[in-house]
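Structural overview for review
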Amino acid sequence: MKILLIIPAYNEEENILNTILSIETFKKENSHRYSYTVDYVVINDGSTDGTQAILDENEINSVQLVANLGIGGAVQTGYRYAEENGYDIAVQFDGDGQHDIHSLDSVVQPIIKNEADFVIGSRFLPNQKAAFQTTFMRRVGIKILSFLIYLSSRTKIYDVTSGYRACNKEIITYFSKKYPTSYPEPESTVHLLKKKFRIKEVAVNMMERSGGQSSIRSFTSVKYMFEVSIAIIVSGFMREGD
């Protein structure tokens, strides 16, 4: 079983090396523990800082995009890489140090056991909340988006914006051809629900970003909420074959 970590990175010079080192340490410590191998590819999304220099200096496996495509385009590039190289499972894994590599097994096991096609690493499952859960206002926003997804699909997803997600080969192929660009996490979840894929949430540990800045900033949060809400509603009315 081959697993690929897809690591999108935009101006992550403060975090990317530590993220890769944590993955390498995890691989060394668990090389005989699990029945799968773990590789990674960093998708450098047109960074304007020293991210690419760090990747080159440390010989980190990466794809350099000549222009900034945004999170959706960067992640889709990773899915295309996964499909072209025959990976069984692809896992989205942030380059900013927020995702705990030690939660990886929890995320991939439902797919390995054929219990799910797609797994979301969640901070908000009932009675299993992670220590770090972002700001109060973002949690309110996540609950609103969760409600909208429930209205469109009759399925409860607690952590709709989680970027810690894993999928099987069928979804790798699907995402390599079609992946939302503007608000990929909630939109893609709705698309998968409409196509009747099996989705499961599992509790994971996440950490606060240690450096740099998030792509979702406070002064754009109202605009973000409005636009992603519309995207969820529109996706909810899509036909299954769309």
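Further up the page is the structure itself.
Residues numbered from 1 in each chain as written. Predicted model: local features only at pLDDT ≥ 70, side-chain atom pairs only at ≥ 80, totals over all residues. Heavy atoms only, no water.

Scanning the model with the defined rule gives nine aromatic pairs in all. A centroid spacing of 5.1 Å and a plane angle of 5 degrees characterise the contact between Y34 and Y36, whose relative ring orientation is stacked. In terms of burial, Y34 and Y36 fall into one category: buried. Measuring from ring centre to ring centre gives 5.7 Å for Y174 and F175, while their planes differ by 40 degrees; the resulting arrangement is tilted. Taking relative accessible area as the criterion, Y174 reaches 14% and is therefore assigned buried. An aromatic cluster is present here, built from Y79, F118, Y174, F175, Y179 and F197 joined pairwise through their rings. In this structure, K2 packs its charged tip against the face of Y87, placed 4.6 Å from the ring centre. (Phe/Tyr/Trp six-rings, centres within 6.5 Å; stacked < 30°, edge-to-face > 60°. Buried < 20%, exposed > 50% of the residue type's maximum accessible area, 1.4 Å probe, protein only. Lys NZ or Arg CZ within 6 Å of the ring centre and 35° of its normal.)

Residue alternation in strand β4 (residues 89–92) divides its side chains into two sets, I89 and V91 and A90 and Q92, and both sets are buried. Bridge count for strand β1 (residues 2–9) against β4 is four bridges, and the pairing is parallel. Across the sheet, residue L4 finds its bridge partner in β4, namely A90. Pairing between β4 and strand β6 (residues 165–167): three bridges, direction antiparallel. (Helix = DSSP H or I, 4+ residues; strand = E, 2+ residues; numbered from the N terminus. Pairing = 2+ DSSP bridges.)

Moving on to the pattern of salt bridges. Side-chain pairs of opposite charge can arise whenever the charged atoms involved come near each other. Counting across every chain of the model gives five salt bridges. E83 serves as the salt-bridge partner of K177, at 3.5 Å between the closest nitrogen and oxygen. Of this pair, K177 sits in helix α6 (residues 169–177) while E83 sits in helix α3 (residues 70–84); the two residues are 94 residues apart in sequence, bridging distant segments of the chain. Between E115 and K200 there is a salt bridge, with its nearest N and O atoms 3.4 Å apart. Taken as a pair, E115 in the loop between α4 (104–112) and β5 (118–122) and K200 in strand β7 (residues 199–203) lie far apart in primary sequence, 85 residues in all. Assessed through its relative accessible area of 42%, E115 is described here as partly exposed. Classification of K200 by relative accessible area gives partly exposed; the value is 33%. (Salt bridge = Lys/Arg side-chain N within 4 Å of Asp/Glu carboxyl O.)

A few words on the nonpolar core. Membership of the largest hydrophobic core comes to 36 residues, with the highest contact counts inside it found for Y79 and F175. The set of elements that each furnish at least two residues to this core consists of β1, β2 (37–45), α3, β5, α5 (136–153), α6, α7 (184–194) and α8 (221–236). Look past the residues within four positions of Y79 in its chain and what remains in contact with it is I6, A90, Q92, C167, I172, F175, S176 and Y179. Judged by nonpolar contacts, the second largest core, of 31 residues, contains I3, I60, I111 and V119. (Core = buried A, V, L, I, M, F, W, Y, C linked by side-chain atoms within 4.5 Å. Contact = heavy atoms within 4.5 Å.)

Note that F93 resides in the loop between β4 and α4. Separated by 74 residues in the primary sequence, F93 and T19 place their C-alpha atoms 9.5 Å from one another. Contacts of F93, omitting those with residues within four sequence positions, involve L5, I6, I7, P8, T19, I23, H99, D100, I101, G163 and Y164.

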